[in-house]
Amino acid sequence: MAGGAIVSANGNKQYAGKMTAYVFWACIVASSGGLIFGYDIGISGGVTSMDSFLKDFFPNVYRKEKGIHETSQYCKFDSQILTLFTSSLYLAALCASFVASLMTRRYGRKITMLWGGIVFLAGAVINAAAVNVSMLIVGRILLGVGVGFANQSVPLYLSEMAPAKLRGMLNIVFQLMITVGILAANVINYFTAKIHGGWGWRVGLGGAAVPALIITIGSLFLPDTPNSLVDRGHSNEARAMLVKIRGTQDVDEEFNDLVAASEASKQVKHPWRNFRQRKYRPQLIMSFMIPAFQQLTGINVIMFYAPVLFKTIGFGADASLMSAVVTGLVNVLATFVSIAIADKVGRRFLFLEGGTQMIICQALITGLIAHKFGWNGVATNLSKGYANVVVAVICIYVAGFAWSWGPLGWLVPSEIFPLEIRSAGQSVNVSVNMLFTFIVAQIFLTMLCHLKYFLFVFFGVFVVIMSIFIYFFLPETKNIPIEEMVLVWRKHRFWSKYITEEDIPAGLQMGPAKEVPKNVV
């Protein structure tokens, strides 16, 4: 085919170009936005398990943890104010994602990243200097705004900059940065807990300034994406950028598809209102179900509250923090698996394999905790051997999430939206993710107190449901140009009823030789 695109054996259009050092650098810098999200996930659980922090801000929880009023292991940390410290960030991120949606569409992806970093930096400073719970909550809200802005803009940026055949690998680097942030926070928690004088928690909370500075300074040097430039009327700049990031002058086909998508986008004056149109039903449902299911895996029971959870089930203070470091390291290493194979084996395979692995592990964790503590939750500390088995099963569970629902929960929603609703769609994705993150974070300790070991059964049931959902309703999206994703839904045996030939932009129509196959079940 002339104009810079060929049709692969499986019918997908492939544009000319290659992975350039410029794209790789830009995607690594942009992905650092994941550090702020990951660092917060890891640091909050460790800080809330530190005696010095609890004595300063949550003395009632401290007394319960020491067994003065409560004997059940399951209820030691049950406090709505304590969980509000963690969960308030995600409620703020939910609200911020709607503002960030407007910013990404009107001013571009990099500006949204910049402001996210600045606000997150302010939150880190306030938290480190906190002298009362109110300051903690204000700082957490600012952190949440930063997370909302970063989670809105970074996945879109990565999906638009990456070549189609490498989009999965580059987008998953965002999840890798989240896992690196979690691991770094867990390591910092382990060492700051040993600081004499009871101020180690300030180091941990203030350390959030480091990832905030990385994304703030890095975003100043990032280019904007060709898709965003075209959509904002800078066509010449967009074509020049496309030449630069693809490493070839032969970009006519991809540029023309971007222009066609942009023209369709400009016909949509109210993307939020149009998002409800019948032809966008597949994307709307996926943008809600995938992030909701991602949080209902129960992963944040481990990631948010790993030290608290390990302490609850009988680990000592140092052992609980070190176990959190181990699970954080597994999280990082397993994400590399997804980076290596997501564009080869596909999204559906990883979703289903990871789901199966998590279901098995959740059943084992339920049995292990039930056997040791029973329903009343009264037991001595775990033996070393038993504790190692618990940590091993949790690590296998974390690995299953880290190469499936973790990265793909951000990748798939970011690559399925047409340009005209892309900012609105990503905002739905982020807001739903933050909503369910908030709910899980807020109610987890209460659920642990009342459901005991059945808490893992609760999340396991959702993993079964979401795996069935993926099997029947998610088409394969690997190696498909982002502006041609509409053709995938058109060929799906269920979603095709919502999308007609008239709904496909004229510039993206493909002849019989280029038809996308029915890459579904």
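- The chain carries the name Major facilitator superfamily (MFS) profile domain-containing protein in an unreviewed UniProt entry, which gives Aristolochia fimbriata as its organism.
- Regarding the chain, the UniProt comment filed under Subcellular location (unreviewed entry) reads as follows: "Membrane".

## Details of the packing of aromatic side chains
1) Next: Inspection of every chain in the model, using the stated rule, returns 24 aromatic pairs.
2) Next: Summarising the aromatic geometry, the rings of Phe53 and Trp201 are spaced 5.5 Å apart at their centres and angled 65° between planes, so their arrangement reads as edge-to-face. Here Phe53, found in helix H3 (residues 51-57), pairs with Trp201, found in helix H9 (residues 200-206); they are 148 residues apart in sequence, far enough to count as distant. Comparing Phe53 with Trp201, the two get one shared label, buried.
3) Next: Aromatic pair Phe458 and Phe459: ring centres 5.2 Å apart, planes at 80°, arrangement edge-to-face.
4) Next: Counting every residue linked through ring pairs, the aromatic cluster contains Phe293, Phe351, Trp405, Phe469, Phe473, Trp489, Phe494, Trp495 and Tyr498.
5) Next: Above the ring of Tyr190, the side-chain terminus of Lys194 is found at 4.6 Å from the ring centroid.
6) Next: Cation over ring: Lys244 sits above Tyr22, and NZ or CZ is 4.3 Å from the ring centre.

## Here we look at the packing of helix H21 (residues 405-415) against helix H22 (residues 422-451)
1) Next: Across the interface, H21 lies against H22 with an axial gap of 9 Å and an inter-helix angle of 155°. Here H21 lies roughly antiparallel to H22, going by the angle between them. Between H21 and H22 lies a crossing whose hand is right-handed. Residues Gly409, Trp410, Pro413 and Ser414 of H21 form the contact with H22, whose own contacting residues are Gln426, Asn429, Val430, Asn433 and Met434.

## Let's talk about empty space enclosed by the protein
1) Next: Across all of its chains, the model carries three cavities of 30 Å³ or more by this definition.
2) Next: Its boundaries defined by the atoms lining it, the largest cavity holds a volume of some 130 Å³.
3) Next: Lining of the largest cavity is provided by 15 residues; of these, Ile41, Gln175, Ile178, Asn300 and Phe401 occupy positions nearest its centre.
4) Next: Elements supplying a minimum of two residues to the lining of the largest cavity: helix H2 (33-47), helix H8 (167-192), helix H15 (281-296), helix H16 (299-303) and H21.
5) Next: Here the second largest cavity is characterised by a volume of approximately 40 Å³.
6) Next: For the second largest cavity, the full set of lining residues is Thr297, Gly298, Val301, Ile302, Gln362, Ile365, Tyr397, Phe456 and Phe459.
7) Next: Looking at the lining of the second largest cavity, the elements that each hand over two or more residues are H16, helix H19 (347-373) and helix H23 (455-473).
8) Next: Looking at side-chain class alone, the lining of the second largest cavity contains six nonpolar, three polar and no charged residues.

## Regarding the confidence of the model for the chain
1) Next: Mean pLDDT over the chain: 83, with 85% of residues reaching 70 or higher.
2) Next: Ignoring residues within four places in sequence, the model shows residues 6-11, a span with pLDDT below 50, making 14 contacts including any to other chains.

## Quick look at the pattern of salt bridges
Side-chain pairs of opposite charge can arise where the charged atoms are in close proximity.
1) Next: Under the definition given, this model contains 10 salt bridges.
2) Next: In this structure, Arg422 engages Glu160 in a salt bridge whose closest nitrogen and oxygen atoms are separated by 2.8 Å. Remark: Glu160 occurs in helix H7 (residues 133-161) and Arg422 occurs in helix H22; sequence separation between them is 262 residues. Here Arg422 matches Glu160 in class, with each residue buried.
3) Next: Where salt bridges share partners, they join Arg167, Asp343, Arg347 and Glu415 into one cluster.

## Quick notes on the environment of Ala441
1) Next: Note that Ala441 resides in helix H22.
2) Next: Overall, the relative accessible area of 0% leaves Ala441 in the buried class.
3) Next: In the structure, Ala441 is positioned 358 residues away from Thr83 in sequence and 6.5 Å away in space, judged by C-alpha atoms.

## Digging into a nonpolar patch on the surface
1) Next: A surface patch of nonpolar side chains, amounting to about 460 Å² of accessible area, comprises Leu451, Phe454, Val457, Phe458, Val461 and Ile465.
2) Next: In terms of residues, the nonpolar patch owes the most to one element, H23, which gives four residues.
3) Next: Within the element layout of this structure, Ile465 appears in helix H23.

## A word on the side chain of Arg246
1) Next: Within the element layout of this structure, Arg246 appears in helix H12 (residues 235-246).
2) Next: Classification of Arg246 by relative accessible area gives buried; the value is 3%.

## Some thoughts on the side chain of Ser159
1) Next: Turning to its location among the elements, Ser159 is positioned in helix H7.
2) Next: Leave out the neighbours within four places in its chain, and Ser159 touches Arg167, Asn171, Ser414, Glu415 and Ile482.

## Structural notes on unusual backbone geometry
1) Next: Positive phi outside glycine occurs at Asn479, with the angle close to 65°.
2) Next: With respect to the helices and strands, the residue Asn479 is situated in the loop between H23 and helix H24 (486-491).
3) Next: With a relative accessible area of 18%, Asn479 lands in the buried category.

## Concerning the environment of Gly400
1) Next: Within the secondary structure, Gly400 is located in helix H20 (residues 384-402).
2) Next: Judged by relative accessible area, Gly400 falls into the buried class, the value being 0%.
3) Next: Not counting residues up to four positions away in its chain, the partners in contact with Gly400 are Gly354, Gln357 and Met358.

## Some thoughts on H15
1) Next: For H15, spanning 16 residues, the distance from its first C-alpha to its last is 22 Å, which sits close to the expected 22 Å at 1.5 Å a residue.
2) Next: Taken as a whole, H15 has its buried residues at Pro282, Gln283, Met286, Ser287, Ile290, Pro291, Ala292, Phe293, Gln294, Gln295 and Leu296.
3) Next: Its buried side turned inward, H15 meets H16, H20, H21, H22, H23 and H24.
4) Next: One or two positions beyond H15, positive phi appears at Gly298, with a value near 90°.

The rules behind the values
- Residues numbered from 1 in each chain as written.
- Predicted model: local features only at pLDDT ≥ 70, side-chain atom pairs only at ≥ 80, totals over all residues.
- Heavy atoms only, no water.
- UniProt positions renumbered as here; feature names shortened; annotations may be inferred.
- Phe/Tyr/Trp six-rings, centres within 6.5 Å; stacked < 30°, edge-to-face > 60°.
- Helix = DSSP H or I, 4+ residues; strand = E, 2+ residues; numbered from the N terminus.
- Buried < 20%, exposed > 50% of the residue type's maximum accessible area, 1.4 Å probe, protein only.
- Lys NZ or Arg CZ within 6 Å of the ring centre and 35° of its normal.
- Axes fitted to C-alpha atoms, helices over the stretch in contact; angles between N-to-C directions.
- Parallel < 35°, antiparallel > 145°, perpendicular 65-115°, else oblique.
- Left-handed = near helix turned anticlockwise from the far one by under 90°.
- Contact = heavy atoms within 4.5 Å.
- 1 Å grid on protein atoms, 1.4 Å probe; cavity = no way out; pocket = protein on both sides within 12 Å on 5 of 7 lines; lining within 4 Å.
- Points joined across faces, edges and corners; volume = space filled by probe spheres on them.
- Nonpolar A, V, L, I, M, F, W, Y, C, P; charged D, E, K, R; others polar.
- pLDDT = per-residue confidence, 0-100.
- Salt bridge = Lys/Arg side-chain N within 4 Å of Asp/Glu carboxyl O.
- Patch = residues over 30% accessible without salt bridge, like charges linked within 9 Å, V, L, I, M, F, W, Y side chains within 5 Å.
- Areas by Shrake-Rupley, 256 points an atom, 1.4 Å probe, with all protein chains shown as cover.
- Expected span 1.5 Å × (residues − 1).

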